[in-house]
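Okay, here's what each chain looks like letter by letter:
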Amino acid sequence: MGIYMINSESNTINLAGNISTTGIVSHGIFFDRNTGPNTTTLTGNISTSGAIAHGLYLSSSDSNTTNLTGNITTTGDNANGLWLLLSNSNTTNLTGNITTTGDGAFGLYLSSSDSNTTNLTGNISTAGDNGHGLLLDNSNSNTTSLTGNITTTGDTADGLYLFNSDSNTITITGDIITSGTNSEAILIDSSDSNTITLSGKVQSLGGDQAISILANSDANTFNIQSGSTFLGDFE
């Protein structure tokens, strides 16, 4: 484990340097169980090479501010780049890229997490099967801003995927490109009242939908900026 805090609050951490881990379940930065509020500033890269070894992982931790200047890279299966689980009202600012190469390894993942603000200046790329780029699962009222591209190359690896998530605001200034089979560029499932702003290419090169909104999703708003292009079907 690189940095690990459990049931901790009101800490200020400033670190200049890289964090690298090699073991299974060896996360780069891990805030666990009632950790927050804390302020963490890292200037350097986070890299993990073990399975289930996430780059930045918040679990049941609220109201933290995390500022990262550097890249997050994971190579293990099920090793997410940035994951918020059961964590609310956090602010995360990342200037750098998120890269995952393992199967089931998501780039940016919010699960059962509400009212978070995430600002990313950099690209999200995943190479594994089932490696979604940006996934919100049972997460509501989050604000996510990405200045950069989302690229996935594995099968069943969607670029932007919302599942059972409502009232989120997502702004992507960049391209969303998927190339694997069964990989949608944008998939909205059982999700309502989200606002998504796009200004770039939205392409599903594997022959799937550029934008797929399933029948059980209502009142979503897409703001398509001038110059955006689409390749793939709409469903």
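A.B. asks: When you look at the nonpolar core in this model, what are you seeing that I'm missing?
C.D. replies: Considering soluble globular proteins, one finds that nonpolar side chains tend to be buried as a cluster. Counting 36 residues, the largest nonpolar core has I29, L68, L160, I170, I172, I176 and I186 as the members making the most contacts within it. With residues near it in sequence (within four places) discarded, I186 still touches L160, I176, L198, V202, A210, I211, S212 and F222.

A.B. asks: It is not clear to me how the pairing of strand β5 (residues 39-43) should be interpreted in this structure. Could you clarify?
C.D. replies: The side chains of a regular strand alternate, first on one face of the sheet and then on the other. Taking every second residue as pointing to the same face, the buried face of β5 carries T40 and L42, while none of T39, T41 and T43 on the other face is buried. As paired elements, strand β2 (residues 12-16) and β5 share five bridges and run parallel to each other. Looking across to β5, one finds that A16 is bridged to T43. Relative to strand β8 (residues 65-69), β5 is paired through five bridges, and the arrangement is parallel. When the bridges of β8 are listed, T39 appears paired with T65.

A.B. asks: Could you clarify how one ought to interpret unusual backbone geometry in this entry?
C.D. replies: Excluding glycine, residues mostly have negative phi values, and the peptide bonds linking residues are mostly trans. The residue after G36, namely P37, is reached through a cis peptide bond having omega 5°. A positive phi angle, near 55°, is found at S60, a position not held by glycine. One can find S60 in the loop between β7 (56-59) and β8. The backbone of S112 sits at a positive phi, close to 50°, despite the residue not being glycine. Tracing the backbone shows S112 in the loop between β13 (108-111) and β14 (117-121). The class of S112 is partly exposed, set by a relative accessible area of 30%.

Reading guide: rules and limits
Sequence order sets the numbering: in each chain, residues are counted from 1 along the sequence as written. The predicted origin of the model limits local features to residues at a pLDDT of at least 70 and limits the giving and counting of side-chain atom pairs to 80 or more, whereas totals for whole chains, interfaces and linings rest on all residues. The basis for every side-chain value is the complete set of non-hydrogen atoms in the structure, without hydrogens or water. As used here, the term nonpolar core means buried Ala, Val, Leu, Ile, Met, Phe, Trp, Tyr and Cys residues forming a set that is joined through side-chain atoms within 4.5 Å. The cut-offs for exposure are 20% and 50% of the maximum accessible area for each residue type, with area from a 1.4 Å probe on protein chains only; residues under the lower value are buried, those over the upper are exposed, and the others partly exposed. The contact criterion used is simple: two residues touch if any of their non-hydrogen atoms lie within 4.5 Å. Under the scheme used here, helices are H or I runs from DSSP no shorter than 4 residues and strands are E runs no shorter than 2 residues, and both carry numbers assigned from the N terminus. Two strands are counted as paired when DSSP detects at least two bridges linking them.

Treat this as a map of the structure, not an account of what it does.
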